[in-house]
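Examining the three-dimensional arrangement
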Amino acid sequence: LFSIGAIASSPLRVRCIMATVEHIDRLVDARELIDARLRLSIVAALTNLTSGTLRKLWKDVHGVRPPNGKLPESVLSFITNVRADADLAAFLSLYQRLNGDFEVDSRRLLKAWAAHQQLCGPLDINAAFHALRDVRAKLVSFIRCPKCHAFYIYDTALTLTSRCPFCATSPV
């Protein structure tokens, strides 16, 4: 027969406890991302939780059903003026400064987004996520301005991103 101590410390029991703790951590991350209004398909990708669980969580947090509709294809969809471009550049610089790279992780995203909110004011977390994703995937460039030396999102497809949003210098 097995002793209770042997069962409680068995490798299977430890794995079950760890799986439960990991699940709880993912739920906590999802709750914080939903509280920030990150779209559910992105929350699902970051936390590996099911859409049913996330929909219920959204309803519990916000009291309404989550928004439907297609997500923007690129960060460029969020850049509607020079201020938006500058805000996203500031977020990316802050994210890189805090984390050393552009790897996307739910906790790193939340930490940098919250810091940006405190330092610079409101920023749509969905725009922040898309900026990270697009820079990391090299869909847009994140370059240093030759005049003011600030980093910014550069893409020739959009007039707003063809110049530095801080000093209006063209990189070419």
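Just so it is clear, the model here is predicted, and its values are computed rather than measured.

Structurally, aspartate 29 is set in helix H2 (residues 11–35). In this structure aspartate 29 comes out as buried when scored by relative accessible area, which is 9%. Among all residues touching aspartate 29, those that are not within four sequence positions of it are Thr47, Ser106, Arg107 and Leu110.

The N-to-C vectors of helix H3 (residues 40–47) and helix H4 (residues 51–62) enclose an angle of 120 degrees; their axes lie 10 Å apart at closest approach. Considering the angle they form, H3 stands oblique to H4. H4 is crossed by H3, and the crossing has right-handed handedness. Judged by residue contacts, Leu40, Val43, Ala44 and Thr47 of H3 engage Leu54, Arg55 and Trp58 from H4. Looking at the contact of H3 with H4 residue by residue, the class counts come to five nonpolar, one polar and one charged.

Right, let's get into the pattern of salt bridges. Within the structure shown, the criterion is met by eight salt bridges. One salt bridge connects glutamate 73 with lysine 70, and the closest N-O pair in it is separated by 3.1 Å. A residue is classified by how much of its surface remains accessible, and glutamate 73, at 60% relative accessible area, is exposed. What makes lysine 70 exposed here is its relative accessible area of 67%. When the shortest N-O distance is used, the salt bridge between aspartate 134 and arginine 133 registers 2.8 Å. Residue arginine 133 is classed as partly exposed on the basis of its relative accessible area of 29%. Ionic contacts of the salt-bridge type, sharing partners, join the residues Asp25, Asp29 and Arg107 into one network.

Rules and cut-offs
Residue positions are given per chain, counting from 1 as you read along its sequence in written order. It should be noted that, the model being predicted, local features are given only for residues of pLDDT at least 70 and side-chain atom pairs only at 80 or more, the latter also being counted only at that level, while totals for whole chains, interfaces and linings use all residues. Excluding hydrogens and water, the side-chain values take into account all heavy atoms of the structure. Numbering of helices and strands runs from the N terminus, with a helix taken as a DSSP run of H or I at least four residues long and a strand as a DSSP run of E at least two residues long. Exposed residues in this analysis have more than 50% of their type's maximum accessible area, buried residues have under 20%, and partly exposed residues fall in between, with area computed by a 1.4 Å probe over protein chains only. Note on contacts: a residue pair is in contact if any heavy atoms of the two residues lie within 4.5 Å. Axis definition: a line fit to C-alpha positions, over the contact stretch in the case of helices; interaxial angles, taken between N-to-C directions, run 0 to 180 degrees. Roughly parallel means an angle under 35 degrees; roughly antiparallel means over 145; roughly perpendicular covers 65 to 115; every other angle is labelled oblique. Handedness of a crossing follows from how the near helix is turned relative to the far one, being left-handed for an anticlockwise turn of less than a right angle and right-handed for a clockwise one. We call Asp, Glu, Lys and Arg charged. Ala, Val, Leu, Ile, Met, Phe, Trp, Tyr, Cys and Pro are nonpolar, and the rest, Gly among them, are polar. Counted as salt bridges are all cases of a side-chain nitrogen of Lys or Arg within 4 Å of a carboxyl oxygen of Asp or Glu.

That's the geometry; what it means functionally is another story.
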